[in-house]
Amino acid sequence: MQALHANQHQHQGFFVSSVLEVLGRIESYLESFKQNKNANDARKLGEAICRVILINSDNQSTKELCKATKFQVLIDSLSKKNLSENENHLKKIKADLNTLQTLGNIESHDNNVGLNDNDLESIEESIKNLFRNVFDNKEYIDIDEKIPVSIYKYINKSVTENEDWRCDKIISIVYPNRDIEKVREEKDFQFYTLPDVNNKKLGFVFLGRNISFSSSLSKLFKDSEIKIKGLISLTFLFPKEISKTTGKEVKNRKNNILKKCSPYEKDFPNVDFTHEFIEDYIWNHCLTNSLKESSNVTTEPYFIDQWLYKDNTEKLSLIFLDEIASHTSSDDKPIHILLGDGGVGKTTFCEQVVQKLDQQLAKGSKKKALLLSSFDLPEEISGADESIDSIQSLYRILQDDPDTTLNSHNLALNISSGNILIIIDGLDEIESKLKEKFNLDAFIDSVIELNDTYLNCSVIITSRENNSEKFDRNKVNVYQLKGFDECLIKKYLKVRYNHKSKHSGKGYDNKVLDYISTLSLDSDKKVTPLIMRLLCELVESQAGSSVTQEISKSNYFKDDNPLDQVIHQIINRDIIKQDIDISCDDYFDILKDIVFDYSCNISKTDLDELLKYSHLGADEQNTKEFTNFYVSPLFQRVGNNFRIKHDSLEFWIKARYISHKINTTTRENSKGVLKIISRDCYKGGSLVKEIASTSKPDRHEYFRSAIQDILDDLEESKVNMQLSRKTISSMLYLAMSSEIRTKENYSKILLALFGKNDGQRIKYLSIYGDFFPLDFKDFTVLNGYFSGYSNLGKSSIPEGKAVFIDCEFKDIDTSNFGKNSITDVNFDNCILPDNIKSIINTGVQNKQERIDNIKSDLKKIFKVGFKQNSFVWKSDQLYKQQCASLKHKIILSKYLDILKTEGFLNRESAKGAAGNGYRLNNNSENEVKDFITQGILGENISNLIETISV
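Residues numbered from 1 in each chain as written. Predicted model: local features only at pLDDT ≥ 70, side-chain atom pairs only at ≥ 80, totals over all residues. Heavy atoms only, no water.

**Student:** Outline the overall build of the protein chain, listing residues and values.
**Tutor:** From N to C terminus, the protein chain includes 38 helices and 27 strands. The buried share of the protein chain, taken over its 950 residues, is 50%. Across the protein chain, the fraction of contacts at a sequence separation of at least 24, relative to all contacts at a separation of at least 6, is 66%. Accessible surface, the protein chain as shown: approximately 45000 Å² in total, 44% of it carbon and sulfur. (Helix = DSSP H or I, 4+ residues; strand = E, 2+ residues; numbered from the N terminus. Buried < 20%, exposed > 50% of the residue type's maximum accessible area, 1.4 Å probe, protein only. Contact = heavy atoms within 4.5 Å. Areas by Shrake-Rupley, 256 points an atom, 1.4 Å probe, with all protein chains shown as cover.)

Here you go:
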């Protein structure tokens, strides 16, 4: 009977009349194959694909060939003789069809031979190839039908069923202050008009991506004929299409649309018709001319492309850029995070991205790189309460020229459409400077939202490799820059000392390699570009002098760290060369003062004053050594000002000096140092991580002493409250290792730092950001401050006890609270945000209220699938629509998970259509029916309610 049914189904192919009908059959065969892994379904799918290609032909004789009943005959019909398609492309298609035929025949005959896993993988690969070569190679085969979603997903991972091209935003930017009328809105197109001169109107039609152009145009011109006749012009806008198979833009897409429009347009001789890609229209009409010009960024003269590492793969960074810029990457996530230590080349890469896109821009490309750097972030930011939670808001605070600044809608359109590639350099510094104003989760979500329809959005972000787990891998791609391996080191030296270099032929490359061999490198022996540059500058400045000061005797330099070794050699060489009578540590102290007291930028007058009172000033009449210091290789002089030459050097100086103070338990009184500690460490971060890596394990005495001094000052009201809070939070981060510990261990360390015992009260406890979870059973808090403390919900908070007295809470993430219920008893006279109050209110509901709410929610959920006195399958979307508001504290998805786990609901795919949903388990039908129709509680539902209410 099964074979007879199959033959009957094949026989229906005689009367195939449309591509659309066959596409429906392909979708059905595909779903059947995915469920049953029956190769005969794949064989039938292959036959149907042959028929789609033949029916799609303009030649009637070729169309007739689809009536063949034998698979081989259908395959042979796909020839250059019958079709005008590229012969090599047809060969690719036929090769995969032959695979489906060969393996499909095995299962369609009576034999003892079965298919193994490799055979099924071959079938799946052939199906994928066929879908891409038939439906995603429009330059060769242009099928003007809406491709079913289940097939389309094989071509493009990101399928947007409800497209939002932001049509009204585009029109309102080009034609501001006009009344825009949405004349018609279909799933596949939108028709807008707006007033113009002489009571006439302008028209815009936006066509979607996966649509039938013929059907859409027919519907438009038939149903809107009168409206179109009253227009001066009608502009058709449609998205570019990048073939995921070829990685190139589909070239004939615009011409095909023009051909399909032409027959209709002849009936409207007074209307000026234009046709343009949406992305090009936004570029031409929305983007200001100044932003279409080259950025003229200064780039590294000796740039060498580095490897980017992700999971177990690696690729060169400029190849990665090409994939991102052309949207040919196999991963459709719009956000790309590049992590790496200081000096590894993150900023250099960003500059190369800008330069490369500028070069393509000069050749006619319509893509601009926009660099948003932490370096450009102003010290004082206007709008004290403004949250930085999107690219638009970050862009706004970085702009200082209103004439070239795009408004938020315009910027969003150009990012979404792929016209602007955003590069954010130094996310860790941005977070540090913006503090609690910056909302990372909302920022990431805003980028994903920009990518919802155009699927062209690309954002590259660089950051130090710290707390990388905070990036959700489902939303972003995370890569790592690790520096130069042996091959890249030699490449760098070859570029730096080529025949055009003034240092060519001097053997400097071998001297640098000799230096590298003495460094304490990790097992992978990678060297950062910064170390390479410093080593080369060291070699180039030497004149045969030898190193005389030992790094092991230094208070600041770590003899097992490559960067420390290189900087120590550079400083030592400068001391010898310039005949400066100080030690390397004295030299470091001068650099330290410039970093901490002058924010890395010091005037000549202030530098002279600083040198006068340093070791150089022993003889006040001798100013020669002052001028010698001006040419330090670690300075960059601009006029009468001196800057620390490299950002990574500034970071290193901060880390080494603070680590030294901690290791020697020397209380720091410098306001500059305390300011940086409170500014850069109060939420943890990369500086904390670097300091911890060189601090002694038993370093708690320094922090205990520092915290006690702050507490004493607070009691006497001698200090700024906010600064003190951040300093306390910084001390806690610096004192506690990120090694895996229990809440109890963290709490014991905390008590020791505040000089308290179990059960005692801690005063002025201050925590910002992702601090560790604590066990509040061991102590109570008075006058505490908690801002953005995401792990409060993971902490242990005892029931029926006042833990927090006169404390303030801000921006607390409540998603981690789960079963850790809190009540109003835990908070005595505290300032609480609304979301905490909401959790407290939920927690104090009596049990009967909770049970009543759960009953109400369950009835609502069960009723979705209860129709005409029986239980049926319903989609995820319908559940979301009909259960948008629930009474109990848990969300719909959690309810559905529980109902599935407890055996009430089965997760099922739709039959004959795309999408998933739920159906009630047959064993539960009678009990659930009694519950929702008569309110009778059976044993299983009673247990379910009890489980949810806990």
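**Student:** Go over the layout of surface pockets, please, and point to the residues and values.
**Tutor:** Taken as a whole, the second largest pocket encloses approximately 1000 Å³ of empty space. Considering the residues around the second largest pocket, the lining is formed by 34 residues, among which Asp341, Asp522, Asn561, Pro562 and Glu690 are closest to the centre. The set of elements that each furnish at least two residues to the lining of the second largest pocket consists of β12 (476-481), α22 (529-541), α23 (562-578), α27 (647-663) and α29 (686-693). When its residues are assigned to classes, the lining of the second largest pocket shows 10 nonpolar, 12 polar and 12 charged. (1 Å grid on protein atoms, 1.4 Å probe; cavity = no way out; pocket = protein on both sides within 12 Å on 5 of 7 lines; lining within 4 Å. Points joined across faces, edges and corners; volume = space filled by probe spheres on them. Nonpolar A, V, L, I, M, F, W, Y, C, P; charged D, E, K, R; others polar.)

**Student:** Requested: an account of the pairing of strand β3 (residues 201-207), with residues and values cited.
**Tutor:** For β3, the tally of buried residues reaches 6 of 7 residues, placing the bulk of the element in the interior. Pairing of strand β2 (residues 189-195) with β3, which is carried by 7 bridges, proceeds in the antiparallel orientation. Each bridged residue has a counterpart across the sheet, and for leucine 194 the counterpart in β3 is leucine 202. Linking β2 back to β3 in an antiparallel pair, the connection comprises 5 residues, with asparagine 198 at a positive phi of about 55 degrees. As paired elements, β3 and strand β4 (residues 231-238) share 6 bridges and run parallel to each other. Bridge pairing in β4 links valine 205 to phenylalanine 236. (Pairing = 2+ DSSP bridges.)

**Student:** So what about the side chain of lysine 558? Which residues, and what values?
**Tutor:** Secondary-structure assignment places lysine 558 in the loop between α22 and α23. Within the buried set, lysine 558 has no salt-bridge partner at all; the shortest N-O distance to an opposite charge, 6.7 Å, is to aspartate 564. (Lys, Arg positive; Asp, Glu negative; His and termini not counted. Salt bridge = Lys/Arg side-chain N within 4 Å of Asp/Glu carboxyl O.)

**Student:** Account for helix α16 (residues 391-398), naming residues and giving values.
**Tutor:** Of all 8 residues that make up α16, 7 are buried, and the element is covered over most of its length. Regarding α16, the residues found buried are Ile391, Gln392, Ser393, Leu394, Tyr395, Ile397 and Leu398. Turning to α16, the residues buried within the fold contact β9 (368-373), α17 (408-416), β10 (420-425), α18 (427-434), α19 (440-450) and β11 (459-463).

**Student:** Lay out the sheet that holds strand β1 (residues 181-185) with the relevant residues and their values.
**Tutor:** Pairing is mixed in the open sheet, where 5 strands are placed in the order β1-β2-β3-β4-β5. A single partner strand is all that each edge strand has here, and the edge strands are β1 and β5 (272-277). Strand-to-strand twist of the sheet, defined as the mean angle between neighbouring strand axes without regard to direction, takes the value 20 degrees. On the sheet, helix α9 (residues 167-174) packs against β2 and β3 and is oriented at approximately 25 degrees with respect to β2. The strands that helix α10 (residues 213-223) touches are β1, β2, β3, β4 and β5; relative to β2, the one it contacts most, it runs at about 40 degrees. (Axes fitted to C-alpha atoms, helices over the stretch in contact; angles between N-to-C directions.)

**Student:** Just give me the short version of the packing of aromatic side chains, but keep the residues and values in it.
**Tutor:** This model, assessed by the stated rule, comprises 47 aromatic pairs. Measuring from centroid to centroid gives 6.2 Å for tyrosine 556 and tyrosine 657, while their planes differ by 35 degrees, and the two rings are tilted. You can see tyrosine 556 sitting in the loop between α22 and α23 and its partner tyrosine 657 sitting in helix α27, a full 101 residues away along the chain. Looking at tyrosine 556, the relative accessible area reads 6%, which means it is buried. (Phe/Tyr/Trp six-rings, centres within 6.5 Å; stacked < 30°, edge-to-face > 60°.)

**Student:** Requested: an account of the state of the cysteines, with residues and values cited.
**Tutor:** Put plainly, a disulfide is one covalent bond tying together the sulfur atoms of two cysteines. One pass over the full model with this rule turns up 0 disulfides. Counting only cysteine sulfurs, cysteine 286 is the nearest neighbor of cysteine 167, a cysteine outside any disulfide, at a range of 12 Å. In this structure cysteine 167 comes out as buried when scored by relative accessible area, which is 5%. Free of any disulfide, cysteine 487 has its nearest cysteine sulfur in cysteine 536, 16 Å distant. For cysteine 487, a relative accessible area of 52% gives the class exposed. (Disulfide = S-S within 2.5 Å.)

**Student:** Account for the side chain of glutamine 565, naming residues and giving values.
**Tutor:** Along the chain, the position of glutamine 565 falls in helix α23. For glutamine 565, a relative accessible area of 9% puts it in the buried group. Beyond its immediate sequence surroundings of up to four residues, glutamine 565 is in contact with Thr518, Leu519, Ser520, Ile551, Asp559 and Asp560.

**Student:** Can you tell me about the sheet that holds strand β26 (residues 905-909), naming the residues and giving the values?
**Tutor:** Strand order in the open sheet made by the 3 strands is β25-β27-β26, with antiparallel pairing throughout. Each of the sheet's edge strands pairs with one partner strand only, and the pair in question is β25 (874-875) and β26. The pairing of β25 with strand β27 (residues 916-920) spans 2 bridges and is classified as antiparallel. Its bridge partner being in β27, lysine 874 is matched across the sheet by tyrosine 918. Along the sheet face, helix α36 (residues 892-901) touches β26 and β27 and points at about 105 degrees away from the line of β26.

**Student:** So, the packing of α16 against α17: which residues are in play, and what are the values?
**Tutor:** Where α16 contacts α17, the axes come no closer than 10 Å and their chain directions differ by 120 degrees. Relative to α17, α16 is oriented oblique. Crossing angle aside, the handedness with which α16 passes α17 is right-handed. Where α16 abuts α17, its residues Ile391, Gln392, Tyr395 and Arg396 lie against Ser408, Leu411, Ala412 and Ile415. Split into classes, the residues belonging to the contact of α16 with α17 amount to 5 nonpolar, 2 polar and 1 charged. (Parallel < 35°, antiparallel > 145°, perpendicular 65-115°, else oblique. Left-handed = near helix turned anticlockwise from the far one by under 90°.)

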